[in-house]
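Reading the structure
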Amino acid sequence: MTYIKPKFAHPRLPKNNLGYTRKEYEGSLSTLCAGCGHDSISAAIIDACFEMNIEPHRVAKMSGIGCSSKTPAYFLSNSHGFNSVHGRMPSVTTGANLANRSLIYLGVSGDGDTASIGMGQFAHVVRRNLNMTYIVMNNGCYGLTKGQDSATADYGSISKSGNMNSFEGIDLCALSIELGATFVAQSFSGDKKQLIPLIKAALSHSGFSLINVVSPCVTFNNNQGSTKSYDYVREHNETLSSLDFVPVKEEIVADYDHTKITMVEMHDGSMIKLNKLSPAWDPEDKLSIMTALHNAREKHEILTGLLYIDTESVELNELLNTTDTPLNQLTEKELCPGSKILEGICDELR
Amino acid sequence: MQPTDYKDPEYYHKVVDCQYACPAHTPVPQYIRLIAAGKYTEAYMVNWESNVFPGVLGRTCDRPCEPACRRGRVEEEPVAICRLKRVAADFKDDISHLLPDIPKVKNGKKIALIGAGPAALSVARDLAPLGYELHVYDNQNKGGGMMRSQIPSFRLPAEVLDQEVDFILNMDVHTHFNTYVTSLKSILDKNYDAVFVGTGAPRGKDLILPGREEGRANIHVGIEWLASVAFEHTHQIGKKVIVLGGGNTAMDCCRTSRRLGGDDVKVVVRSPFSEMKASPWEKEDAQHEDIPIIDNHVPKSYAIENGKLTGMYFEKVKAEYIDGRRKLVPTGEPDVFFPADDVIIAIGQENRFEWIERDLGIEFNQWDMPVVDETTFVSTRPNVFFGGDAALGPKNVITAVAQGHQAAISIHAFCQGDDINLRPAPNVKMFESKMGIHEWAYDNDVTTDIRYIVPQADKAETLRDRKKEVELGFDLKAAFREAQRCLNCDVQTVFTENKCIECDACMDICPTNCITFTTNEDDEQTLRMKLLVPAVNLEQDLLVSDTLKTGRVMVKDEDMCLHCGLCAERCPTAAWDMKQYLYNTAKAGHLCYA
């Protein structure tokens, strides 16, 4: 007669290098509908942070409004967080990131929060290559307001009430690549084996990383005819690549077949071990992935895996040459370096 | 692995660790829930049907259920199952109207029961409602057997025992007390349709060492001495007492000695303390009464001066282990002398069967024990059955009760002309427990309370009065809190493959990470190791589903499941459900009282 998560954990729960178990990365009990794809994504975030030995206090969870944006309450309860206005998570994150670039910024958003009310902000955060991971929990409907079609609902998808969507859906991945995103991936909430390494790679990427995760809404968009139901996604999932994330310190085993496996080196020295399943595609070639995405749309396939990565990415703070010290730690000494320095600056401007 | 056959009643039975470990398979979580609900009478009847002596066992049981309790794996201590049973007995109302009706017209079959201990009385309890004419023979003046003669009153008050013995004797059972049966042939000659032998293990082992004969006035054999105290023949003992032995009888002897005038009572045992046979709580109770337990001392001789016992000599040893076998090796230190006015020998007990003639068709094995079938409890003579300590050697009350049930089934089948080897299936029921959103028919909140301690009466007072019960039992508040510690292992997690959409919600929510969706393996060990938390406890089964749509299987390690129901709570399609599972072992004639 209760809905409380028991305090007991498995006594033999594995610990990571920090001595933490998964429990230390969990949040409070989810109040989303039972079976919601978002909960699986939360679990994948927990697993990724646990396995990467991330200290929870180094993470800032950013979100807007929506079912998706509630989820930061359900993971990493020991991390920082900011639940912003609807669609305004990108600007809040930009501000936070410029003020303190030492944190790991993990933005969580939904299809409405990103592709409708937040579209303007989204476009700019992508083109500025802000150093953050942006996860879209994409269920193609407005679950919080009873399941109306959202801007990412595919053309022809049938809603629970039986109506066909007569508008084209926004392809967030194609759009991001077009806008200059430097890490773009697509996945499915029901495939943690793929999603967890993608989240790890995205968190390691220096620059803007988008993971568009198709996440079925069990209550309003898991019906026959929906293109974002568990069954549909499983049937139409076309995996572009299977990947392993190899962290910096781990030795890379060299016994892989070079004709099949591509190693992609990340900014921080970690590697993505990529098993390309389609020869016609190169993850560092924009044109090939744009073609692949178009072809997939024609064939009603959902391409998943790492779609595009720019290993030469220069993130916003680097570009602007901002200070490494968080603004709240700068003292008067640094901020007012004295009249001599001021004179020097003034001279430069003459 | 093959999908689990959860239709096999034993699969879910095994998940209920306490019930599975209990020789009588008492539905423990069922009665604990009833206690929490304040239904003490109902809780008592659940027990009474299964273990016949809830009041006795709630005080004295060896509690094989408690080491098995899941709670002991999840945290430090198991649920105080045994003492909750006592709560049911202490707070029950009059149960006479709930007892089975005894047919006035009998079924024409006469059964003799030799011994009136827990085994024979259980047989009587099961057979009386079926109309059998039952004759109980015992050398004591009341029923109860070793429960009366060997368990001291400060652990088991006579009123409690009397009540539960009388429930049975009042079922038209003919009692022949103060009757020592010296010949089985004489019983068989009375044309009983079947005879049940439940004579226990009534002979205490002696310890013949130099001085045994001269000191005999002050050297006592434990169980005989306890019986003599129980029947008010012995009222005192010397100030200095040595009790030899490390079992529960030794604990009863030393504590009884403290009450009969022993000021300086010590237990001396050959083995290391940790390997003593006595239950840990009985050792604790003895130590609490200022009785030191001196281990690693092997008795060498009785010291006699002027024809009177003055103490005992012991050799100091240490335990060494060769190929897992223990050997007690002398340390070489000089022998130790402990002074004593009396010595009590409690080093074990044996059966005695010299009253069974060897030409009756009852075979005896090399240890002079009757050859008894371990399922049917029939001897090599088709109409003679054994049970309790007399059947397979000394164990405990709950085992005797369990064997009594089985023997009763056999006797009933034998008397009806049926094959006694066809054993009746257990009575198994499965109920829905979903009541609504976030609402289940059981309390699925898992409390973090640690085990509650049973309060005891003032020590000075209990040591003054041999009959004053030491344990006071839980009050209702503590009983409720302790009952809430039960994890409801009988509310089973039931998985239906074809409803599962593989959303992983259950795997994500499970607080103890019991559930893993993964690809199957041929080999169980490989599968066990690839679970979220490797399933290293091989005593606990895996619940493996059939292959799901994506080609994976659901594997649940039963080991740490809290039965909190969150998997079912988070399942969008009710592929997981919590179902209450009631398992009752069959009784003779399929009678059901609770």
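Bear in mind the structure is a predicted one, so any value in this text is a computation, not a measurement.

What follows is about the overall build of chain A. A tally of helices and strands in chain A yields 12 helices and 13 strands. Radius of gyration (C-alpha) of chain A: 21 Å, near the 20 Å computed for a compact globule of 350 residues. Along the first, second and third principal axes, the C-alpha atoms of chain A reach 70 × 55 × 45 Å. Put simply, chain A has 350 residues, and 45% of those count as buried. Taking the contacts inside chain A whose residues are at least 6 apart along the sequence as the reference set, 71% of them involve residues at least 24 apart.

Another aspect to go through is the overall build of chain B. From N to C terminus, chain B includes 22 helices and 24 strands. In terms of overall dimensions, chain B is globule-like: its C-alpha atoms have a radius of gyration of 26 Å, near the 25 Å expected for 594 residues. Principal-axis analysis of the C-alpha atoms gives chain B an extent of 90 × 65 × 45 Å. Buried residues in chain B amount to 49% of all 594 residues. A separation threshold of at least 6 residues defines the contact pool for chain B, and within that pool the share at least 24 residues apart is 72%.

By definition, the strands of a sheet pair up through backbone hydrogen bonds, in either a parallel or an antiparallel sense. Residue and element names in this part refer to chain A. The antiparallel open sheet is built from three strands, whose spatial order is β10-β12-β11. Of all the strands in the sheet, the pair left with one neighbour each is β10 (241–246) and β11 (261–265). The sheet shows a mean angle of 25° between the axes of neighbouring strands, direction not considered. Here β11 runs beside strand β12 (residues 271–276); their pairing, made up of five bridges, is antiparallel. The residue of β12 that forms the bridge with Glu 265 is Met 271.

Residues and elements named next belong to chain A. Of the strand pairs in this sheet, β10 and β12 are connected by six bridges, and their pairing is antiparallel. Residue pairing in the sheet places Ser 242 in a bridge with Asn 275 of β12. Linking β11 to β12, which pair antiparallel, is a turn of five residues; within it Gly 269 sits at a positive phi near 95°.

Let us look at the interface of chain B and chain A. Each partner contributes to the interface: chain B provides 29 residues, whereas chain A provides 25 residues. For the side of chain B that touches chain A, the secondary-structure elements that each account for two or more residues are β19 (439–440), α20 (505–509) and α22 (566–570) of chain B. The element that contributes the greatest number of residues to the side of chain B that touches chain A is α22 of chain B, accounting for three residues. Along the lines of polarity and charge, the residues of the side of chain B that touches chain A split into 14 nonpolar, six polar and nine charged.

Residues and elements named next belong to chain B. Counting through the fold element by element, Gln 150 comes out in the loop between α10 (146–149) and α11 (158–169). Classification of Gln 150 as buried rests on a count of 27 C-beta atoms within 10 Å. Spatially, the C-alpha atom of Gln 150 lies 57 Å from that of Asn 498, the residues being 348 residues apart in sequence. Contacts of Gln 150, omitting those with residues within four sequence positions, involve Ile 223, Leu 226, Ala 227, Thr 249 and Asp 252.

Here we take up the packing of helix α13 (residues 222–230) of chain B against helix α14 (residues 248–259) of chain B. Two packed helices can be described by the angle between their axes and the distance between those axes. Residue and element names in this part refer to chain B. Direction vectors running N to C along α13 and α14 enclose 45°, while the axes themselves pass 10 Å from each other. Judged by the angle between their axes, α13 and α14 are oblique. For the element pair α13 and α14, the recorded crossing hand is left-handed. The segment α13 lies against α14, with Gly 222, Ile 223, Trp 225, Leu 226 and Val 229 engaging Thr 249, Ala 250, Asp 252, Cys 253 and Thr 256.

What follows deals with the nonpolar core. Residue and element names in this part refer to chain B. Of all hydrophobic cores here, the largest spans 201 residues; its most connected members are Ile 35, Ala 124, Leu 127 and Phe 196. Of the residues forming this core, the biggest block, 11 residues, is contributed by helix α17 (residues 397–415). With residues near it in sequence (within four places) discarded, Ile 35 still touches Tyr 40, Ala 43, Leu 84, Val 87, Ala 88, Ala 479 and Ala 483. Formed by 34 residues, the second largest nonpolar core is a distinct cluster that contains Ala 230, Cys 253, Val 269 and Ala 346.

All names here are of chain A. Helix length check: helix α7 (residues 192–204), at 13 residues, gives a terminal C-alpha distance of 18 Å against a target of 18 Å (1.5 Å per residue), a fit within 8%. Across the 13 residues of α7, 12 count as buried, placing the element largely inside the fold. Buried residues of α7: Lys 192, Gln 194, Leu 195, Ile 196, Pro 197, Leu 198, Ile 199, Lys 200, Ala 201, Ala 202, Leu 203 and Ser 204, and no others.

Since one α-helical turn is 3.6 residues long, residues separated by three or four positions face the same way. All names here are of chain A. Spanning 15 residues, helix α1 (residues 37–51) covers 21 Å between terminal C-alpha atoms, matching the ideal 21 Å at 1.5 Å per step. Counting buried positions along α1 gives 14 out of 15 residues, so the element sits mostly inside the fold. One or two positions beyond α1, positive phi appears at Asn 53, with a value near 55°.

Residues and elements named next belong to chain B. Sheet architecture is open: five strands sit in the order β6-β14-β7-β8-β9, paired in parallel fashion. Where the open sheet ends on each side, the last strands, each with one partner, are β6 (219–221) and β9 (293–294). In terms of strand pairing, strand β7 (residues 240–244) meets strand β14 (residues 342–345) through four bridges, oriented parallel. Opposite Ile 242, over in β14, you have Val 343 as the bridge partner.

With that out of the way, let us pick up the environment of Ile 177 of chain A. Residue and element names in this part refer to chain A. You can see Ile 177 is positioned in helix α6 (residues 172–179). Each C-alpha atom of the pair Ile 177 and Leu 210 lies 9.6 Å from the other, and the pair is 33 residues apart in sequence. Contacts of Ile 177, omitting those with residues within four sequence positions, involve Val 184, Lys 286, Ile 289, Met 290 and Tyr 308.

All names here are of chain B. With domains assigned, chain B is organised as domain 1 (11–94 + 446–484), domain 2 (99–202 + 351–415), domain 3 (205–348) and domain 4 (491–590). On a C-alpha basis, the centres of domain 1 and domain 3 stand 31 Å from each other. With four residues of domain 1 in contact, the opposing surface of domain 3 contributes six residues. Residues of the side of domain 1 that touches domain 3, tallied by class, amount to one nonpolar, no polar and three charged.

This part covers the packing of helix α3 (residues 89–99) of chain A against helix α5 (residues 119–127) of chain A. Residue and element names in this part refer to chain A. In the contact formed by α3 and α5, the axes pass within 8 Å of each other and the chain directions differ by 35°. On α5, the residues that touch Pro 90, Ser 91 and Thr 94 of α3 are Gln 121, Phe 122, His 124 and Val 125. By residue class, the composition of the contact of α3 with α5 is three nonpolar, four polar and no charged.

Our next topic: the pairing of strand β4 (residues 132–138) of chain A. Each regular strand shows side chains that alternate between the opposite faces of the sheet. Residue and element names in this part refer to chain A. Within β4, seven of the seven residues are buried, which leaves it mostly tucked inside the rest of the structure. Sheet analysis places strand β3 (residues 104–110) next to β4, joined by five bridges and oriented parallel. Paired with Leu 106 across the two strands is Thr 133, which belongs to β4. Alignment of β4 against strand β8 (residues 208–214), held across seven bridges, turns out to be parallel. Bridge pairing links Val 136 to Asn 212 in β8.

In this structure, Gly 269 of chain A sits in the loop between β11 and β12. Once the C-alpha coordinates of Gly 269 of chain A and Ser 204 of chain A are considered, the two residues, 65 residues apart in sequence, prove to be 9.1 Å apart.

Take unusual backbone geometry next. Residue and element names in this part refer to chain B. With a phi angle near 60°, Asp 290 is a residue other than glycine that sits in the positive phi range. Note on placement: Asp 290 falls in the loop between α15 (280–288) and β9. What makes Asp 290 partly exposed here is the crowd of 13 C-beta atoms within 10 Å. The backbone of His 563 shows a phi angle near 55°, a positive value even though the residue is not glycine. Position of His 563 relative to the elements: it lies in the loop between β23 (553–557) and α22.

What counts and what doesn't
- Position numbers for residues count from 1 along each chain, tracking the sequence in the order it is written.
- To label them, take the chains in the order written and letter them from A, then take the ligands in the order written and number them from 1.
- Reporting of local features is limited, given that this is a predicted model, to residues whose pLDDT is at least 70; pairs of side-chain atoms are given and counted only at 80 or more, and all residues count toward the totals for whole chains, interfaces and linings.
- Elements are defined by DSSP. Helices are runs of H or I of four residues or more, strands are runs of E of two residues or more, and each kind is numbered from the N terminus.
- As defined in this context, the radius of gyration uses C-alpha atoms, and a globule is described by 2.2 Å times the residue total to the power 0.38.
- Neighbour density around each residue's C-beta defines its exposure: 20 or more other C-beta atoms within 10 Å make it buried, 12 or fewer make it exposed, and counts between make it partly exposed, where C-beta atoms are placed from the backbone.
- Any residue pair is listed as a contact if its two C-beta atoms, each placed from the backbone, are within 7 Å.
- Pairs of strands are assigned from DSSP output, requiring at least two bridges between the strands.
- Axes here refer to lines fitted to C-alpha atoms; in helices the fit is confined to the stretch in contact. Angles between the N-to-C directions go from 0 to 180 degrees.
- Amino acids are sorted into nonpolar (Ala, Val, Leu, Ile, Met, Phe, Trp, Tyr, Cys and Pro), charged (Asp, Glu, Lys and Arg) and polar (every other residue, Gly among them).
- Angles are sorted into four bins: roughly parallel if under 35 degrees, roughly antiparallel if over 145, roughly perpendicular if 65 to 115, and oblique for all others.
- Left-handed describes a crossing in which the near helix is turned anticlockwise from the far one by less than a right angle; the clockwise case is right-handed.
- Joining buried Ala, Val, Leu, Ile, Met, Phe, Trp, Tyr and Cys residues through C-beta atoms within 7 Å gives a set, and that set is a nonpolar core.
- Given the number of residues in a helix, its expected span is that number minus one, multiplied by 1.5 Å.
- Residue ranges for the domains originate in an automatic or database domain assignment.

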